[in-house]
Amino acid sequence: GQQLNQSPQSMFIQEGEDVSMNCTSSSIFNTWLWYKQEPGEGPVLLIALYKAGELTSNGRLTAQFGITRKDSFLNISASIPSDVGIYFCAGQLDGSSNTGKLIFGQGTTLQVKP
Amino acid sequence: DAGVTQSPTHLIKTRGQHVTLRCSPISGHKSVSWYQQVLGQGPQFIFQYYEKEERGRGNFPDRFSARQFPNYSSELNVNALLLGDSALYLCASSLAGQGTYGYTFGSGTRLTVV
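Student: Could you clarify how one ought to interpret the overall build of chain B in this entry?
Tutor: Counting secondary structure elements, chain B contains zero helices and 11 strands. The N-to-C order of helical and strand elements in chain B reads β-β-β-β-β-β-β-β-β-β-β. Here chain B has a C-alpha radius of gyration of 13 Å; the compact-globule value for 114 residues is 13 Å, and the two agree. Taken along its principal axes, the extent of the C-alpha atoms in chain B is 35 × 25 × 25 Å. In chain B, buried positions account for 52% of the 114 residues. Summarising the internal contacts of chain B: among those between residues at least 6 apart in sequence, 54% fall at separations of at least 24. In the structure as shown, chain B presents an accessible area of about 5,300 Å², 50% of it carried by carbon and sulfur atoms.

Structure (structure tokens):
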């Protein structure tokens, strides 16, 4: 199935470091969402972006909706051990709003060393 | 307030059998979407239902079907199970049929086909 290109695939960082991950697509999206998933749980929404160029923060997390509408990034500042998990980008293709269909990236696995 | 609830949490079935998975949306949410998440990948869209009508369908065979009830709960049915159907099945509910506002996932049903 169609997926977004998410990178990096995995990251192993030291506590306190900043983290950056991104998603790209050849198609135009009208919505970008960033989720975190922990073992045995469903994805939990972190940040939602609905407008090209939009920059939104949620605590130590910041995400941006790319101007071209084909990409988005998520930054985590001053990482802590509880940031461990799999982070997914998800987008809604332009013109598919009435289907509610989200397309997900492959995920970025984040590990934080105390 | 209860979130999205899914049942059962785990299930083991034999190839060729049929399975029914259930989802109760957040109170007030009228739309339910189903996703399949194979280990190591992002979720893949299967269906969206809004007001008991199918609004969107992903690239899945006809062995997959779903329905939504008057109380907005939903069932996902899979016939003639294959080994490749082993996955985490996620349900997400949202306020309306359009867009992804308020999109919230349940913890999923882990299906193992042997």
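Student: Even after reading the chapter, I still don't get the state of the cysteines, so can you show me in this structure?
Tutor: Working definition of a disulfide: a covalent bond connecting the sulfur atoms of two cysteines. All names here are of chain B. Inspection of the entire model under this criterion finds two disulfides over all chains. Across the disulfide, Cys-23 is cross-linked to Cys-91 (sulfur-sulfur distance 1.8 Å). Across the S-S bond linking Cys-23 and Cys-91, the dihedral sits near -65°, which makes this disulfide left-handed. Pair noted here: Cys-23 is in strand 3 (residues 19-24) and Cys-91 is in strand 9 (residues 87-94), with a separation of 68 residues, a long-range link.

Student: Sorry if this is basic, but what is going on with the sheet that holds strand 3 of chain B here?
Tutor: All names here are of chain B. If you trace the four strands from one edge of the open sheet to the other, you get 1-3-8-7, paired in antiparallel fashion. Two strands in the sheet have a free side with no partner beyond their single neighbour: strand 1 (5-7) and strand 7 (64-68). Across the sheet, the axes of successive neighbouring strands diverge by a mean angle of 15°, strand direction being ignored.

Student: Explain unusual backbone geometry here, please?
Tutor: Leaving glycine out, the prevailing phi sign among residues is negative, and the prevailing peptide bond configuration is trans. Each neighbour pair has its own omega, and for A:Ser7 with A:Pro8 the value is -5°, a cis peptide bond. You can see A:Pro8 is positioned in the loop between strand 1 (5-7) and strand 2 (10-14). A cis amide bond, omega -10°, links B:Ser7 with the succeeding residue B:Pro8. Here A:Arg69, not a glycine, exhibits a phi torsion of approximately 70°, which is positive. Looking at the secondary structure, you find A:Arg69 in the loop between strand 7 (61-65) and strand 8 (71-76). The class for A:Arg69 is partly exposed, based on a relative accessible area of 27%. Positive phi is not limited to glycine here, since B:Lys52 has a value of about 70°.

Student: Would you mind going over the pairing of strand 11 (residues 108-113) of chain A with me for this structure?
Tutor: Both faces of the sheet carry side chains from a regular strand, because those side chains alternate between them. Residue and element names in this part refer to chain A. Burial along strand 11 is one-sided: Thr-108, Leu-110 and Val-112 are buried, while Thr-109, Gln-111 and Lys-113, pointing the other way, are not. Looking at chain direction, strand 2 and strand 11 are connected through five bridges and run parallel. When the sheet's bridge partners are listed, Ile-13 is paired in strand 11 with Val-112. Note that strand 9 (residues 85-93) and strand 11 share three bridges and pair antiparallel.

Student: How should the side chain of A:Asn30 be read in this particular structure?
Tutor: Residue and element names in this part refer to chain A. Mapping Asn-30 onto the fold places it in strand 4 (residues 29-37). Polar side-chain contacts of Asn-30 include one of 3.0 Å to the side chain of Thr-31. Looking at Asn-30, its side chain comes within polar contact range of the main-chain oxygen of Leu-93, at 3.5 Å.

Student: What am I meant to see in the pairing of strand 5 (residues 44-49) of chain A here?
Tutor: Two elements, strand 4 of chain A and strand 5 of chain A, share five bridges in a ladder whose sense is antiparallel. Of the residues in strand 5 of chain A, the one forming a bridge with A:Lys36 is A:Val44.

Student: Just checking my understanding: could you explain the environment of B:Gln17 for this structure?
Tutor: All names here are of chain B. With respect to the helices and strands, Gln-17 occurs in the loop between strand 2 (10-13) and strand 3. A sequence separation of 61 residues divides Gln-17 from Val-78, and the C-alpha atoms of the two residues are 8.6 Å apart. Once residues within four sequence positions are removed from consideration, Gln-17 is found in contact with Val-78, Asn-79, Ala-80 and Leu-81.

Cut-offs applied
Residues numbered from 1 in each chain as written. Chains lettered and ligands numbered in written order. Predicted model: local features only at pLDDT ≥ 70, side-chain atom pairs only at ≥ 80, totals over all residues. Heavy atoms only, no water. Helix = DSSP H or I, 4+ residues; strand = E, 2+ residues; numbered from the N terminus. Rg over C-alpha atoms; globule rule 2.2 N^0.38 Å. Buried < 20%, exposed > 50% of the residue type's maximum accessible area, 1.4 Å probe, protein only. Contact = heavy atoms within 4.5 Å. Areas by Shrake-Rupley, 256 points an atom, 1.4 Å probe, with all protein chains shown as cover. Disulfide = S-S within 2.5 Å. Pairing = 2+ DSSP bridges. Axes fitted to C-alpha atoms, helices over the stretch in contact; angles between N-to-C directions. Polar contact = N/O pair within 3.5 Å; in protein donor to acceptor, adjacent residues only side chain to side chain.

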